[in-house]
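If you want the building blocks of each chain, they are given just below.
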Amino acid sequence: MSDKLCPLCGRPLGTENIDRHHLVPKTYKGKEQFPIHKICHRKIHSAFTERELFNTYHTWEALRAHEDIQTFIAWVAKKPPGFYTRTYTAKDKKQRR
C-alpha cells in the first residue's frame, strides 16, 4: 500500500480507484496533476464548474474550506482507501455557468 495521502481527504491513497486532478482545469491551460482518490475527484467535479475551479477553488485549501467538501470529507473519512461509489452532480451546478 502507498504511503501517500490524498490531498483532499487526507486518507492513504492505496493502490486502486486513483485519478489525477488538475487544480487549474485543463480547459484553462492547467498542466500540473495530483494523484487523488477517484471518489474525491468525482466529488470536486460534481460540486464545481470548471470556471469555479479556475476562479476560486484552485488550491487544496480552498477546496477543503467549502462546506460541501467538508461534509464529504467527514463522510468519506471512515471509508477504506479503495472505496468508490457513484457521485451525483449537484442539481444547481449547471445553472451557475
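These numbers were taken from a predicted model, which means no experiment stands behind them.

Colleague: Whenever I open this one, the packing of aromatic side chains confuses me. Can you help?
Modeller: The relative placement of two aromatic rings is captured by the distance of their centres and the angle of their planes. Taken as a whole and judged by the stated rule, the model has five aromatic pairs. Here the aromatic rings of W75 and F83 are separated by 5.7 Å at their centres, their planes lie at 70°, and the arrangement is edge-to-face. With a relative accessible area of 22%, F83 lands in the partly exposed category. By the ring-pair criterion, three or more aromatic residues cluster together here, those being F72, W75 and F83. Against the face of Y84 rests K38, its NZ or CZ located 4.6 Å from the ring centre. Lying over the aromatic face of F83, K79 brings its terminal NZ or CZ to 5.4 Å of the ring centre.

Colleague: Is there a simple way to explain the environment of I73 in this structure?
Modeller: Looking at where I73 falls in the secondary structure, it is placed in helix α4 (residues 67-76). On the accessibility criterion, I73 (17% relative accessible area) is buried. Measuring from C-alpha to C-alpha, the distance between I73 and R11 comes to 9.5 Å, with 62 residues separating the pair along the chain.

Colleague: For this particular structure, what's the right way to read the side chain of H21?
Modeller: Looking at the secondary structure, you find H21 in strand β1 (residues 18-22). Within polar-contact distance, the side chain of H21 engages the side chain of H41 at 3.3 Å. Polar contacts involving the side chain of H21 include one to the side chain of H45, which spans 3.5 Å. Once residues within four sequence positions are removed from consideration, H21 is found in contact with E32, Q33, F34, I36, H41, I44, H45, W60 and L63.

Colleague: Any chance you could explain the packing of helix α1 (residues 38-47) against α4 here in plain terms?
Modeller: Axis angle and axis distance: for two packed helices, these are the angle between their axes and the distance between the axes, and together they describe the pair. One can describe the packing of α1 onto α4 by two numbers: an axis separation of 11 Å at closest approach and a directional angle of 160°. Between α1 and α4, the crossing angle belongs to the class labelled roughly antiparallel. Considering the relative orientation of α1 and α4, their crossing is right-handed. Residues I39, C40 and K43 of α1 lie in contact with α4, whose contacting residues are D68, I69, F72, W75 and V76. Partitioned by chemical class, the residues of the contact of α1 with α4 number six nonpolar, no polar and two charged.

Colleague: Looking at this structure, I do not really get unusual backbone geometry. What am I missing?
Modeller: Phi is mostly negative for residues that are not glycine, and the peptide bonds are mostly trans. The phi dihedral of N17 is positive, around 55°, even though this residue is not glycine. For N17, the location among the structural elements is in the segment before β1.

Basis of the calculations
- Residues numbered from 1 in each chain as written.
- Predicted model: local features only at pLDDT ≥ 70, side-chain atom pairs only at ≥ 80, totals over all residues.
- Heavy atoms only, no water.
- Phe/Tyr/Trp six-rings, centres within 6.5 Å; stacked < 30°, edge-to-face > 60°.
- Buried < 20%, exposed > 50% of the residue type's maximum accessible area, 1.4 Å probe, protein only.
- Lys NZ or Arg CZ within 6 Å of the ring centre and 35° of its normal.
- Helix = DSSP H or I, 4+ residues; strand = E, 2+ residues; numbered from the N terminus.
- Polar contact = N/O pair within 3.5 Å; in protein donor to acceptor, adjacent residues only side chain to side chain.
- Contact = heavy atoms within 4.5 Å.
- Axes fitted to C-alpha atoms, helices over the stretch in contact; angles between N-to-C directions.
- Parallel < 35°, antiparallel > 145°, perpendicular 65-115°, else oblique.
- Left-handed = near helix turned anticlockwise from the far one by under 90°.
- Nonpolar A, V, L, I, M, F, W, Y, C, P; charged D, E, K, R; others polar.

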